[in-house]
Amino acid sequence: MTKRVSLFVTCVVDQLLPRAGLAMAEVLTQVGCEVEFRPAQTCCGRPAYEAGCREQAKLVGEHFLASFADAEFIVTPSTSCASMLRKRLPELSGAAARETAARVWEFSRFLVEIAKVDDVGARFEHSVVVQDAEGLNCGHRLLSHVKGLEQLPLNDWTGSGNLWGRSEPVTPALVNRIVASGASHVIGMETERLLLLRGALQRGGHAIETVHLAEVLASR
Amino acid sequence: MSRDALFESLRLALGRKKFQKPSTPPEPLLLNRNWTLEQRLERFREAFAAQGGMLHEVSSAEQAQALVAELLAGGEAVASGAPLLAELGILALAGVQSGFTDAELLRNACRTARIGISSCHCLLAESGTVVLRFTPEEPRSIALGLPLSLIIVSRRKLLTNLDELLGLNPRSFESASETAMVNGSESSEIHLILV
Amino acid sequence: MTKPAEIRAHVLANLDHYLAELEKQLTGQGGTVVYLRSADEAADYIELLAREREVRVTGGAEGIRRQIEQLEPRLEDYLKGEPCVAVESVAIEGSGIGLAGAAFLIADAGAICLAGERTGAARPRVQVVLAGIEKVLPRMRDMAVFLPLVGGSDVRFLTGPRRAGELDGPEELYLILLDGGRSELLANQEKRDLLRCVRCGDCLPGQAGGRAVTCPVAIDIESLPLLLREEAPAEVSGWKFRLWGFVMGRPRLYEFAGQMLRAFWREQWGLPAPAAKTFRQLWREGKK
Ligand code: SF4
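Residue positions are given per chain, counted from 1 along the sequence in the order it is written. Both sets of labels track the order of writing: A upward for chains, 1 upward for ligands. Where totals are concerned, whole chains, interfaces and linings use all residues; where local detail is concerned, this predicted model gives features only for residues with pLDDT of at least 70, and gives and counts side-chain atom pairs only at 80 or more. Neither water nor hydrogens contribute to the side-chain values; these are computed over all heavy atoms in the structure.

The next point concerns the sheet that holds strand β10 (residues 189–194) of chain B. Residue and element names in this part refer to chain B. In short, DSSP must find at least two bridges between two strands for them to pair. In this description a helix means any DSSP run of H or I spanning at least four residues, a strand means any run of E spanning at least two, and both kinds are numbered starting from the N terminus. In space, the six strands of this open sheet follow the order β1-β10-β7-β4-β2-β3, with parallel pairing throughout. The two strands at the open ends of the sheet, each matched to only one other strand, are β1 (54–57) and β3 (96–97). Where strand β7 (residues 148–153) lies against β10, six bridges are found, and the strand directions are parallel. Across the sheet, the residue bridging to Ser149 is Ile190, located in β10.

Before going further, it helps to examine a nonpolar patch on the surface. Residue and element names in this part refer to chain C. Where nonpolar side chains cluster on the molecular surface, the patch consists of Phe246, Leu253, Phe256 and Met260 and spans about 350 Å² of accessible area. Ranked by residue count, the leading element in the nonpolar patch is helix α10 (residues 251–264), at three residues. Relative to the helices and strands, Phe256 is located in helix α10. The buried label goes to any residue with under 20% of its type's maximum accessible area, the exposed label to any with over 50%, and the partly exposed label to all in between, with areas taken from a 1.4 Å probe on protein chains only. Judged by relative accessible area, Phe256 falls into the partly exposed class, the value being 48%. Exposure above 30% relative accessible area and no salt bridge define the residues that can form patches, which grow by joining like charges within 9 Å and nonpolar side chains of Val, Leu, Ile, Met, Phe, Trp and Tyr within 5 Å. With residues, only the protein chains shown are counted as cover, and all accessible areas are computed by Shrake-Rupley using a 1.4 Å probe. Take a side-chain nitrogen of Lys or Arg and a carboxyl oxygen of Asp or Glu: if they are within 4 Å of each other, that pair is a salt bridge.

A regular strand places its side chains on the two faces of the sheet in alternate fashion. Residue and element names in this part refer to chain A. Burial along strand β3 (residues 73–76) is two-sided: the residues Phe73 and Val75 and Ile74 and Thr76 are all buried. Here strand β1 (residues 4–7) pairs with β3 via three bridges, running parallel. Counted as the bridge partner of Ser6 is Ile74 from β3. As judged from the three bridges shared by β3 and strand β4 (residues 104–106), these two strands associate in the parallel manner. Directly across from Thr76, in β4, lies its bridge partner Glu106.

The next point concerns the site of the ligand. The ligand sits among Tyr78, Leu79, Cys197, Val198, Arg199, Cys200, Gly201, Cys203, Cys215, Pro216, Val217 and Ile219 of chain C. In terms of residue class, the shell around the ligand is built from 10 nonpolar, one polar and one charged. Working definition: residue near molecule or strand if any one of its non-hydrogen atoms lies within 4 Å of it. Residues are grouped as follows: Ala, Val, Leu, Ile, Met, Phe, Trp, Tyr, Cys and Pro are nonpolar; Asp, Glu, Lys and Arg are charged; all remaining types, including Gly, are polar.

Residues and elements named next belong to chain B. Along strand β4 (residues 115–118), one buried face is formed by Ile115 and Ile117 and the opposite face, lined by Gly116 and Ser118, is buried too. The pairing of strand β2 (residues 77–79) with β4 spans three bridges and is parallel. When the sheet's bridge partners are listed, Ala79 is paired in β4 with Ile117.

What follows is about unusual backbone geometry. One non-glycine residue, Lys116 of chain A, lies in the positive phi region at around 60°. By secondary structure assignment, the location of Lys116 of chain A is in the loop between α7 (107–114) and β5 (127–130). Owing to a relative accessible area of 63%, Lys116 of chain A belongs among the exposed residues under this scheme. At Phe19 of chain B, a position not held by glycine, the phi torsion is positive, near 65°.

The subject of this paragraph is the confidence of the model for chain A. The predicted coordinates of low-pLDDT regions are not to be read in fine detail. One number per residue, pLDDT, summarises how confident the predictor is, and it ranges from 0 to 100. Put simply, chain A has an average pLDDT of 82, and 88% of its residues get 70 or more. With pLDDT under 50 throughout, residues 156–167 of chain A is counted as low confidence; its partners more than four residues away or in other chains account for 51 contacts. Should any heavy atoms of two residues lie within 4.5 Å, those residues are counted as being in contact.

The next point concerns the packing of helix α1 (residues 3–14) of chain B against helix α2 (residues 15–28) of chain C. Fitted lines through C-alpha atoms serve as axes, helices being fitted only where they are in contact, and the angles separating the N-to-C directions of these axes extend from 0 to 180 degrees. Viewed as axis vectors pointing N to C, α1 of chain B and α2 of chain C meet at an angle of 150°, and their least axial separation amounts to 9 Å. Taking contact as the criterion, the partners of Arg3, Phe7, Leu10, Arg11 and Leu14 of chain B in α1 of chain B are, on α2 of chain C, Leu15, Asp16, Leu19, Ala20 and Glu23 of chain C.

Our next topic: the interface of chain B and chain C. Counting residues at the interface gives 54 residues for chain B and 58 residues for chain C. Buried area: the accessible area, evaluated with a 1.4 Å probe, that two parts lose upon being put together, summed over both parts. Carbon and sulfur atoms supply 58% of the area buried between chain B and chain C, which totals about 4600 Å² over both sides. In this assembly, chain B and chain C are joined by seven salt bridges. Notably, a salt bridge pairs Arg141 of chain C with Glu27 of chain B, separated by 2.7 Å at the nearest N-O pair. Contacts described as polar in this section are N or O atom pairs within 3.5 Å, which, within protein, must combine one atom able to donate a hydrogen with one able to accept it, while residues neighboring in sequence count only if both atoms come from side chains. One can count 21 residue pairs in polar contact (both at pLDDT 80 or more) joining chain B with chain C.

Structure, rendered in C-alpha cells:
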C-alpha cells in the first residue's frame with residue numbers, strides 16, 4: 001500500500017538547506033511514497049524550548065499540530081526536531097499532541113522502520129567523513145548500502161547539534177581533523193550541525209562540501 | 001555560611017519541619033548468592049589474579065612460614081599485631097619486626113623494610129577485593145604502605161560479595177577509624193596467603 | 001524508578017534529616033563537620049587551617065581553590081562535561097594536610113566514602129574531605145547498590161580520625177560540606193532531580209560515544225541540556241521569543257521574514273549564506 005508522507009522540512013532546511021529537503025522528497029518518492037508539502041508549516045518550536053521559553057514553544061508547537069492534524073506520516077530531516085515533536089511537545093500540549101506527535105518520523109528511521117528499505121539504490125563516488133547523530137538514527141545503515149562511498153575514519157567525532165556540552169562543538173580542531181582526513185565531502189545526519197560545519201569550512205577557505213544524508217541517498 | 005541558615009533553607013525548599021522524621025527509606029536489595037566455599041575460592045582466585053595480585057594457598061603453619069621466609073629472602077619486614085600472625089609463627093621468623101606501640105618507632109621501621117605483613121578483615125570473592133580495617137593492631141602503614149604488601153588470612157574470611165559483608169553487619173564500619181577495599185594496586189605489589 | 005533512583009530521591013526529599021544524622025554520627029566519632037557556601041569559602045577555610053597547623057601552602061588560597069574545583073566541581077559543570085582532572089587525593093605540601101573529594105557520605109555510619117585509583121596514597125596529618133551536600137546516603141548497606149556505580153580500585157571508608165592506641169592515620173578529620181548552589185537546585189522543582197546524580201560519568205562526552213545511555217539514577221539525560229542552561233535574562237529572550245512565536249505561528253509572515261533574512265544577511269554572522277531560494281519556493285516551482 002502506498003504510504004502518504006507529509007514533509008516537515010523544518011525552518012532550517014526551508015531557509016538554508018533546501019536541497020536537502022528536495023533530496024528527501026526525491027528519495028521518498030523513489031521508494032514508493034506519495035509525498036506532499038504543506039506550506040502552512042513553519043518550525044517545531046525547539047529554539048524557544050531550549051532557551052526555556054515554554055509558552056512560545058507551546059504556541060509554535062500548536063501551530064505545527066494544526067498544520068499536520070490529518071497527515072498519515074510526517075517525515076523530517078532533523079533528529080532533534082523529531083525528538084522535540086515526539087517527546088517534548090506532548091509534555092507541553094498534553095494528550096492531544098501525543099497522537100499527532102507519534103506520527104512524526106525522522107527521515108532515516110522512516111526509511112528503515114516504516115518503508116522497510118535499507119538500500120535505496122544510491123551511488124555516491126566520493127571519500128567522505130560522516131557525522132554521527134546522537135539518538136535514534138538509521139543513517140549509517142542506509143549509507144552502508146550506498147555504492148562507491150568511501151568512508152574515512154574521523155576519530156571520536158560524535159554528537160549532533162542538539163545537545164550542548166555533550167557533543168563535540170564545531171571547533172577549529174574539529175575542522176582541522178576533517179581537513180586532515182582527506183575527505184571531499186562531509187555527510188551530516190543533523191541539519192544544524194551540518195550548517196555550523198559548512199560555515200566553519202567556508203570561513204576557513206576549505207573546498208570540502210557538506211551534504212545532508214538525503215542528498216547522498218538521492219544521488220545516482 | 002552558618003549551619004542553621006543552610007538547614008533552614010533546605011527545610012524551606014523541601015517543605016519540611018524541624019526534626020520531622022522521614023518515611024522509611026527504600027531498601028536496597030542485597031544479592032545473596034549462596035556460593036559454597038569451593039565456588040567462592042574459584043571465583044576469588046580468578047578475580048584476584050586478574051587485578052595483578054599474587055595468591056598463595058597453604059594448609060599449615062609450617063607452609064605459611066616457609067612461604068613468608070621465601071618472600072623475605074633475607075630482607076626485612078614489619079608485621080602487624082594481628083593474632084593470626086602470631087598463631088602461625090610468622091612473628092618469630094628472622095628479619096620480621098613486630099610489636100610496635102610507638103608511632104615514631106613504627107615510622108622508622110617502615111622506612112627500611114620492604115615488606116609489610118598483616119591480616120585483613122575479609123575477602124570478597126566476586127570482585128577479588130581485600131577488605132582491610134585499620135585498628136591499633138593493624139596500622140595503615142604496615143598493611144598498604146610498603147613496596148610489597150603481604151596479607152595472610154584464613155579461608156573462613158572469604159565472603160561472596162560486598163552485599164554479604166553489608167548484610168552480615170553493616171554497622172561494623174564505625175568500630176574502626178577506616179576501612180579500605182582494595183582491588184589490586186598500582187603502587188605496590190600485593191601477595192595474599194590463604195590459610 | 002530504579003532502586004538507586006528511589007533511594008537518591010528519598011534522600012533529597014529529606015536532605016536536612018540525613019545531613020544532621022551524618023553530622024551527629026561523624027562528630028561522635030571525632031570528626032569535624034563544616035558547612036561552607038562556595039569553593040572560595042572552602043579555600044579560605046583550608047588556608048586558615050594550614051596556617052594554624054603551620055603547614056606551608058605553595059599556591060596560596062588561589063591554588064587551593066583550583067584544587068577544590070577539580071575535586072568537587074559544581075554539579076552543573078560536571079554534567080556539562082567541563083574538563084576536570086581526575087584527582088582523588090592531593091596533598092598540600094608534604095604530608096601536612098591532605099585534600100580529597102568524597103564519592104558518598106553515609107549517614108548511619110558517619111562515614112565518608114572515597115573511591116578512586118590511589119585514594120589512600122597520601123597519609124596526611126590533617127585529612128580534609130570535600131563533598132557536595134547532596135552526596136549523603138541513609139545507610140551503609142546502600143553501598144551494595146551505589147558502590148558498583150562508581151567503582152575505583154582503591155575505596156576507603158573514613159569513619160573518623162585515628163583512634164586511641166592507633167599508631168597512624170590522620171590526627172584530624174574535617175568534612176567540608178559545600179552548598180555551591182545546591183540548595184537552590186533543591187528548591188527548583190524542575191532541577192531538583194539533577195542532584196540525584198552520583199557522578200558515575202556514564203553520560204559524559206567521551207564516555208557516551210554515540211551509544212544510548214541510561215542513567216542509573218533515572219535522570220532524564222535528554223533534558224540535561226535544557227536543565228543545565230544558564231538562565232537566560234528573562235526580559236531579553238522574552239520579547240525575542242514572543243516576536244519569534246508570533247512569526248512562526250503565521251506562515252505568510254514567516255515567508256516574508258525569510259525574504260528579509262536574505263536581504264539583510266551578513267557574512268559576519270558566521271553562518272553560511274541562506275540558499276538563494278527557499279525550499280517552499282523551489283517546491284512550488286517544481287510542481288508548476
Ligand atoms: S549517568 Fe546519571 S548519575 Fe551518571 S553522571 Fe550522568 S546524570 Fe550523573
